[in-house]
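# Descriptive analysis of the structure
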Amino acid sequence: MNSTLPTTVRKPIEPPPGSGGGALHAALTQLERWKIGAHQLSRVSVDPDGTLQLEAEGADSVEWFCYAQGKLGRADPRHDRKIPLLMSRLGHALPSGMRFISYRPGRRVVLASTGLAEQSIIKGFRKGRGSEAIKHHQIAMKACEKGVLRVPELLDHDSGQDFVAMKRQAGSAPAIAAENTSTWASIGTGLRNFQDSCDLTELKVFSSGDELAVLDELARRFRLCALDLPSGWQVGRGSLESLSASLPKTQITASHRDLHDGQFLVDGHRLHVLDFDLLCQADTALDAGNLVAHMALRDLQRDPDSSFAASRACGEAFLYGLERQCDDGFGLRLSFYQATTFYRLALLYKLRPRWQHLTASLLQLGQRQIAMAKQYVYQG
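Quantities reported herein were computed from a predicted structural model and do not represent experimental measurements.

### Focus on the sheet that holds strand β12 (residues 264-267)
Spatially, the three strands line up as an open sheet ordered β8-β13-β12, and their pairing is mixed. Single-partner strands in this sheet number two, and they are β8 (149-150) and β12. As judged from the two bridges shared by β8 and strand β13 (residues 270-273), these two strands associate in the parallel manner. Along β13, the bridge assignment pairs Leu149 with Leu271.

Given below as structure tokens:
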């Protein structure tokens, strides 16, 4: 499908001097004065109140920091009182044989067992969010019982302590490479089976309007931090509003809502899909648009002057396996959700010093999908 990926994109702008403006620049300036050894800043996110959360990775460790009201401080998961798992189960020390995989202060923590006897992944959520995560995981397991995709086995869960424990699966994320198209075709087939088999009874509906609301919330957080939106971002957001009203009605089905290449594990012929925290009912094109947009991002991360040959081949193979090209208005809806994903990624990656230089290219990709969606509307 020609709407899947772009053919060309201008060379992205070079990173600006320093690391941006506003609160981010101030936070990084303060962080430079701290002695964090060989750690490199790997992730920055903005909380609803404008607090910046920063993650720095070293060779064998990760450190977390928060920046609010002009001050930088460490965020220590051992003292996080908003995540019940960290307080009630772990106390102030991480048990031997376990390590942190990821941590979002006040929101979520992921731990992995490192011993040979019991290989597990444990996810702890902020208070009150565990029961929904448990429900979503169980729904996804049921939907994938007979398909190509599998969901990690649930070993333990506690809605009172807001955590789930899953069997740790072997494998790695599938490569975005031309020689890997058969794997992506299988993933497309597996996603189709998941969409058709999933019980939607207890899942919330996520609409195109909700997708735009996500963009608006990201933009609001930028402004809270006195950060400037990328040039042209707001104009594109207006175009997406108009397109949203033109989207044809479609079959609503199960949607992962955070589907990208890192959510899959491939081990030989075994395929596992992870992380159903955002499981919902949505347009059949939402997950597809999100995934193929991330494929283009991976091409950009490898080579800013990418020809997109790898992501195009893998994206087309995935869509072939998904078999929704003949669904009414699928091309228009796919372009719309690719565009919203690119506009979301442009904001998220503008916060990451290592990848800030991709922001302009991501917006160009989004603009191209908007243009293609408008062409679909024009053709009727």
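From this point, the narrative continues.
### Concerning the pairing of strand β5 (residues 98-104)
Here six bridges tie β5 to strand β6 (residues 108-113), and the two strands are oriented antiparallel to one another. Across the sheet, Met98 pairs through a bridge with Ser113, a residue of β6. Counted between consecutive antiparallel strands, the loop separating β5 from β6 contains three residues, among which Gly106 sits at a positive phi close to 75°.

### Some remarks on unusual backbone geometry
Despite not being glycine, Asp275 has its phi angle at roughly 65°, a positive value. As for its position among the elements, Asp275 is in the loop between β13 and β14 (280-283). We classify Asp275 as partly exposed; its relative accessible area is 22%. Its identity is not glycine, yet Phe308 carries a phi of approximately 65°, on the positive side. Looking at where Phe308 falls in the secondary structure, it is placed in the loop between α7 (284-302) and α8 (309-322). Looking at Phe308, the relative accessible area reads 0%, which means it is buried.

### Here we look at the side chain of Lys123
Following the sequence through the fold, Lys123 ends up in strand β7 (residues 120-125). One polar contact links Lys123 to Asp275, side chain to side chain, over a distance of 3.1 Å. Here Asp277 takes part through its side chain, which lies 3.0 Å from a polar atom of the side chain of Lys123. Sequence-distant contacts of Lys123, defined by excluding residues within four places in its chain, comprise Leu85, Arg108, Val109, Val110, Asp162, Phe163, Val164, Met166, Asp275 and Asp277.

Parameters and conventions
- Residues numbered from 1 in each chain as written.
- Predicted model: local features only at pLDDT ≥ 70, side-chain atom pairs only at ≥ 80, totals over all residues.
- Heavy atoms only, no water.
- Pairing = 2+ DSSP bridges.
- Helix = DSSP H or I, 4+ residues; strand = E, 2+ residues; numbered from the N terminus.
- Buried < 20%, exposed > 50% of the residue type's maximum accessible area, 1.4 Å probe, protein only.
- Polar contact = N/O pair within 3.5 Å; in protein donor to acceptor, adjacent residues only side chain to side chain.
- Contact = heavy atoms within 4.5 Å.

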